[in-house]
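# Examination of the molecular architecture
Each chain is listed here by its residues.
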Amino acid sequence: MKKEDVKICIIRVGGTNCDRETKRSLEDLGVKAEVQHLNRLVRKGSLQEFDGLVIPGGFSFGDYVRAGAILAKSLTARLRGELKLFIDEGKPILGICNGFQVLVEAGLLPSFNGISDYPEAALATNIPIGYRCMWVYLRHENFGRCIFTRRIPQGNVLKIPVAHAEGRFIFPRGEANKLLERLLENDQLVFRYCLEDGSPAEGRFPENPNGSFYDIAGICDPSGTIFGLMPHPERAFYGWQLPDWTRMRRLPRFADGRIIFSSMIEYITRKF
Amino acid sequence: MKSLYLRRNVPFELYEVNILDADDEELLRISEELGLSLNLQEMKKIKEYFEKNGRNPTDIELQTLGQTWSEHCFHKTFKGTIKTSEGEVINSLFKTYIAKAAEELKKPWCISIFEDNAGIIHFEDDIAVAVKVETHNHPSAIEPFGGAATGTGGVIRDVLGVWAEPIACTDVLGFGPLDYDYNKLPPGIKHPKYIYRMVVAGIGHYGNNMGIPTVNGAIYFDESYVGNVVVYCGCIGILPVKKYIKNAKPGHRIVLAGGRTGRDGIHGVTFASLELTEESEEESRPAVQIANPIEEEKLARAIIKIRDLELASSITDLGGGGLSSAVGETAHKFGCGARVELGKVPLKHPHIAPWEIYISESQERMLITVPEENLDKVMEIFKSEEVEATDIGELTDDGRLRITYHGYLVADLEIGFLFSPPLPQRFAEWRQPRYEEPRFKEPRDLDEVLLKILASPNVASKESVIRTYDHEVKGNTVVKPLCGRYGGPSDAAVLKPLNDSWRGLVISCGMNPKYGKIDPYWMAASAIDEALRNNVAVGGRRVALLDNFVWGTPEKPDRLGSLVRACKACYRFSKGFGTPFISGKDSLYNESPLGPVTPTLLITAVGVIPDIRKTVTMDLKNPGNLIYLLGKTYPELGGSEYYGLMGFIGRSVPKVRLEDAKNTMNQLTKAIDSGCVESCHDLSEGGLGVAAAEMAFSGDVGVEIWLDKVAGSSSLKRNDYVLFSESNSRFLVEVSKRNRERFEEIMEGSTYSLIGRTVKEKNFVVYGLDGEEIVNLGLKEMMHAWKRTLGG
């Protein structure tokens, strides 16, 4: 399909707050992006009209219970059939920050054996504890499974900011290494926190900003069409959003987050 | 014994207050027992009014008057008459000094100043910017998390209250020393460390959850803040000029939207108009509201939709005084009366007396007036955002406030009377404190002194706080609070609020409570200069100012005397710099068993930059460049960090030389626009030494400086004085060698001196007046000292 025909849904509920800049990023790439309240989407039954879905950052429903938990349950309870159809058709779903938390809580990530009825992993409280807003380096670890990062060579380093209090990716205790192996086998590992030169953070703060297991910052599902990450690519879309652009000889037009959105769109235009 | 309170025979709690039979003593007793915080003069005026009407007031009528006439809502001190010990008579501090400069400057870009919930200035084409800064000191002293969170929530609603969409928050905080001795804490006062942690958490909680970036701020430590924590919360919003609608008319419906009304936040404003005591916590805990940022996020979305569709005729937030202020002020502003049925107000829990409903300060509520024909559409929008909204009454044309509760008339007051409290006449007297200029020998090891100043709490990095606030959300923060390679302290925040324009908004602040201990006049002047310096340093111009006074009890002549002095400076320097005040707020009665607050004036500056790509940050960029010092250095160390470190206050408070200052700032703006400024930093606490060090380690670029080249250094005679003088209106600028001539040509006619250069070695080296090396420190070592104190 043609780029200008692509229509992306950005879902929102009370407490979602990164929908506007996410919409701007998508629109800047020449596609249509609509911010839709979950209630409206459910009422109209219109999810299938869209070619892709983004769950943006924020504090959906105040992140009471656990971050993303209430929206995850709302999604699976109110849109279950439609969401499954959407995924089965291979339409891409991107979860950013709170959206990543939602995807994990909803059993859509890592989703080793299809949509899980219970969360298979968690984004736990940061270690060191507390909300932290900062720029981090991400090493791209995917070998081509993830459609959102296909254009990024494996091993490349991206600079994108994080801002969260609950972003420590963990697997159930005792199974962590086994599940990590599975994640790697399936090529589901996408981003790891790293140093500026790409060497692993190895859990060190602040390079790994939240104590994530194996420095995990973002993963995809086995099909590569569902992707969640804690960092905010929409805040690293333009060059002037960079924290150190005043140190550069020339202001770059774009920053590292853009490629995630453009890859998503490229996938849609090729596939459909 | 006659009874002062008579219960009315109605099926709910309503009392008639027998003021007609009350003598002076009883009037005061009534004021105290009902928590009205009204004085005898005010109570007598109320008695007189009801005598004329031939009846006693109800409890809700008295409470309404107590709220509306409170210092917090009516700003009696700033509006009243003041006689000074020099025989001056000032009719309204506000009109005479604060608003006067703006009136005389007549800037065409000022759209609405001092008349609405927030000041509004033009930004670009048909887009305007709304700004408000509030204080929330009293609640934060009692319950720091809730107090600070609702401070942020409240100021965001102020901006919504002029139909603007919030785009950024600011926070400036004042705490007691974090290592304050627990044994010295009087009962009822919380330890500064606890207050510090909880206030910071509260501010982050609200802004982060609502998705509004916190982009600028400051933290100060002072002994006087132990008993009187200082919490300033600011908010900036944008709106299309033509959507700034205010044309409410009789017949329009009054709609209350947002959170439910409960017993939280009863008597917040009257409490804010009292000194804090040991019993404050027990008595006033209900005065602190409970924050729910997600509710406000939904409310904001609905409000902006209603704005865009132009469905409402006016808007105001529910803050201090709750419904009583919002309804009364709306009716008053549009020359209307109002009729309200309190039985319709959605409640958090049953059995709340009508007077409590009417003055409750429960959070996340807005009041809009809506023409009847738009009511359904408005309700539909609130519903779609899952926000509760209720039609609670209408505006009338009879100039009266009539409140019913389940059909029973419980209040009937003339709006005109409600807004004519007797204004106080107060006496002000200011005496210059007798501080001496200290005498001590120049320390041999200035390395150690510099490291100590970098590590002092007021100078040290606030990174551990800044990082807990989301300063990136909305994706429009061009210059963030921390900049450079290693988290340097940005002078100002720069936002790019419009997708299709390069025009930027520049937000900065200035505050110098230490100078106020010597002279509040020069404190105010310095705060204005500092706020402007910070703005100009990144490329800001066309600056509007906001004033926020935190002072002690105005009934005490010395407190009022120093307030008058500060106001005089506000007028002179606002006018002189051509930077009008557009909004402000005062918080008085900041006194505790430990004494009064150090008079503290926060100046917030909002400027613009035509093209954000010209923005300059403070981190040094490259070795091999030249370092210029703009402005002249004077022997002004009174109230400085350096004197403080040595255990003195001193007397030589920094002054502002208006013409020189304007000259320097104007030329610097030209230089920045010409593109020949690589980095720029203003000189403030810790003077030249600290500013240069911060630039160096933030950019990871070494520097060499010669003090004998500093303009004015010959009159200072001492290396430590030159290095740490805090003279105003000075900047450090990095310029590449190839731009030397161009830069000097632009700066022609202002005072500047070429004092050093950037070097490859990662060291900070200073040569003294005799040419000998007096400071030689590694950049990492300095940064470590700077970051260690509060954690980074």
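Parameters and conventions
- Residues numbered from 1 in each chain as written.
- Chains lettered and ligands numbered in written order.
- Predicted model: local features only at pLDDT ≥ 70, side-chain atom pairs only at ≥ 80, totals over all residues.
- Heavy atoms only, no water.
- Buried < 20%, exposed > 50% of the residue type's maximum accessible area, 1.4 Å probe, protein only.
- Helix = DSSP H or I, 4+ residues; strand = E, 2+ residues; numbered from the N terminus.
- Pairing = 2+ DSSP bridges.
- Axes fitted to C-alpha atoms, helices over the stretch in contact; angles between N-to-C directions.
- Contact = heavy atoms within 4.5 Å.
- Salt bridge = Lys/Arg side-chain N within 4 Å of Asp/Glu carboxyl O.
- Buried area = accessible area lost by both parts, 1.4 Å probe.
- 1 Å grid on protein atoms, 1.4 Å probe; cavity = no way out; pocket = protein on both sides within 12 Å on 5 of 7 lines; lining within 4 Å.
- Points joined across faces, edges and corners; volume = space filled by probe spheres on them.
- Nonpolar A, V, L, I, M, F, W, Y, C, P; charged D, E, K, R; others polar.
- Phe/Tyr/Trp six-rings, centres within 6.5 Å; stacked < 30°, edge-to-face > 60°.
- Lys NZ or Arg CZ within 6 Å of the ring centre and 35° of its normal.
- Arc of directions from axis to C-beta.
- Domains from an automatic or database assignment.
- Core = buried A, V, L, I, M, F, W, Y, C linked by side-chain atoms within 4.5 Å.

### Side note on the pairing of strand β11 (residues 253-258) of chain B
All names here are of chain B. The element β11 is extensively covered by neighbouring structure, given that six of its six residues are classed as buried. Along β11, one buried face is formed by Arg253, Val255 and Ala257 and the opposite face, lined by Ile254, Leu256 and Gly258, is buried too. Bridge analysis of β11 against strand β15 (residues 389-396) gives five bridges, and the strand direction is antiparallel. For Ala257, the partnering residue across the bridge sits in β15 and is Ala389. Inspection of the sheet shows β11 paired to strand β14 (residues 365-370) by six bridges, in the antiparallel sense. From the neighbouring strand, Ala257 faces β14, where its bridge partner is Met366.

### A few points about the sheet that holds β11(B)
Residue and element names in this part refer to chain B. Pairing in this open sheet of seven strands is mixed, and the strands run β12-β14-β11-β15-β13-β16-β17 from one edge to the other. Lying at the two open borders of the sheet, with one neighbouring strand each, are β12 (314-317) and β17 (408-414). The mean inter-strand angle of the sheet, taken between neighbouring strand axes irrespective of direction, is 20°. Along the sheet, helix α8 (residues 144-160) makes contact with β12 and β14, crossing β12 at roughly 170°.

### Overview of the pattern of salt bridges
Oppositely charged side chains are able to pair whenever their charged atoms sit close together. Residues and elements named next belong to chain A. Within this structure, the stated rule accounts for 69 salt bridges over all chains. As a salt-bridge pair, Arg192 and Asp215 come within 3.5 Å of each other at their nearest N and O atoms. Of this pair, Arg192 sits in strand β9 (residues 189-194) while Asp215 sits in the loop between β9 and β10 (216-220), and the two are 23 residues apart along the sequence. Take Arg192: its relative accessible area is 13%, and that puts it in the buried class.

### Let's talk about the sheet that holds strand β28 (residues 600-609) of chain B
Residues and elements named next belong to chain B. Pairing within the open sheet is mixed, and its six strands lie in the order β19-β22-β23-β28-β24-β25. In this open sheet, the two strands that pair with only one neighbour each are β19 (477-479) and β25 (581-587). Pairwise comparison of adjacent strand axes, ignoring direction, gives a mean angle of 25° for this sheet. In the sheet, strand β24 (residues 541-550) pairs with β28 via eight bridges, with the strands oriented antiparallel. Pairing of Leu545 across the sheet is with Ala605, part of β28.

### Some remarks on the side chain of B:Thr579
Residue and element names in this part refer to chain B. Tracing the backbone through its elements, the reader meets Thr579 in the loop between α21 (557-577) and β25. Residue Thr579 is classed as buried on the basis of its relative accessible area of 4%. With residues near it in sequence (within four places) discarded, Thr579 still touches Leu105, Leu532, Val543, Leu545, Phe573 and Ser574.

### Here's the deal with the interface of chain A and chain B
Counting residues at the interface gives 32 residues for chain A and 43 residues for chain B. Surface buried jointly by chain A and chain B totals about 3,100 Å² across both partners, of which 46% is contributed by carbon and sulfur atoms. Ranking the residues of chain A by area buried against chain B places A:Cys133, A:Trp240 and A:Arg247 at the top, with a combined share of 22%. Taken together, the connections running from chain A to chain B amount to six salt bridges.

### Brief notes about empty space enclosed by the protein
Residue and element names in this part refer to chain B. Per the stated rule, a full pass over the model turns up nine cavities of 30 Å³ or more. Looking at the largest cavity, it is lined by 36 residues, and the ones nearest its centre are Gly217, Ala218, Lys462, Pro489 and Ser490. Broken down by secondary-structure element, the contributors of at least two residues to the lining of the largest cavity are β9 (214-221), α18 (463-466), β23 (504-510), α20 (520-538), β30 (679-682) and α24 (687-699). The element best represented in the lining of the largest cavity is β9, accounting for seven residues. Its residues assigned to classes, the lining of the largest cavity shows 18 nonpolar, eleven polar and seven charged.

### A word on the packing of aromatic side chains
Think of a pair of aromatic rings as described by two things: how far the centres are apart, and how the planes are tilted against each other in angle. Residue and element names in this part refer to chain B. According to the stated counting rule, one finds 37 aromatic pairs over all chains in the structure shown. Each ring, one from Phe175 and one from Phe221, has its centre 6.3 Å from the other, and the planes form 40°; the classification is tilted. Highlighted residues: Phe175 in strand β8 (residues 165-175) and Phe221 in strand β9, separated in sequence by 46 residues. With 6.5 Å between their ring centres and 75° between their planes, Tyr643 and Tyr721 make a pair best called edge-to-face. Of the two residues, Tyr643 is situated in helix α22 (residues 641-645) and Tyr721 in helix α26 (residues 719-724); the sequence distance between them amounts to 78 residues. One Lys or Arg, Arg613, reaches over the ring of Trp502 and ends 3.8 Å from the middle of that ring.

### Some thoughts on helix α5 (residues 176-185) of chain A
All names here are of chain A. For α5, every residue scored as buried is listed here: Ala176, Leu179, Leu180 and Leu183. Burial along α5 is one-sided: seen end-on, the buried residues are contained in an arc of 105°. Residues of α5 that are exposed and point more than 90 degrees away from the buried face comprise Asn177, Lys178, Glu181 and Glu185. Buried residues in α5 make contact with β9 and β10.

### Comments concerning the domain arrangement of chain B
Residues and elements named next belong to chain B. In terms of domain boundaries, chain B breaks down into domain 1 (5-70), domain 2 (252-406) and domain 3 (452-543 + 607-788). Look at where the C-alpha atoms of domain 1 and domain 2 centre, and you get two points 23 Å apart. Taken together, the contact pairs 14 residues of domain 1 with 18 residues of domain 2. Together domain 1 and domain 2 conceal approximately 1,300 Å² of surface at their shared face, both sides included; 64% is due to carbon and sulfur atoms. Of all residues in domain 1, the largest losses of buried area upon contact with domain 2 belong to Phe12, Ile60 and Gln67, amounting jointly to 42% of the total for that side. The interface formed by domain 1 and domain 2 holds zero salt bridges in total.

### What about the nonpolar core?
Membership of the largest hydrophobic core comes to 89 residues, with the highest contact counts inside it found for A:Leu26, A:Leu94, A:Phe191 and A:Phe227. Counting residues per element, this core draws most heavily on helix α3 (residues 69-88) of chain A, which supplies seven residues. Formed by 62 residues, the second largest nonpolar core is a distinct cluster that contains B:Leu545, B:Ala605, B:Ala661 and B:Val735.

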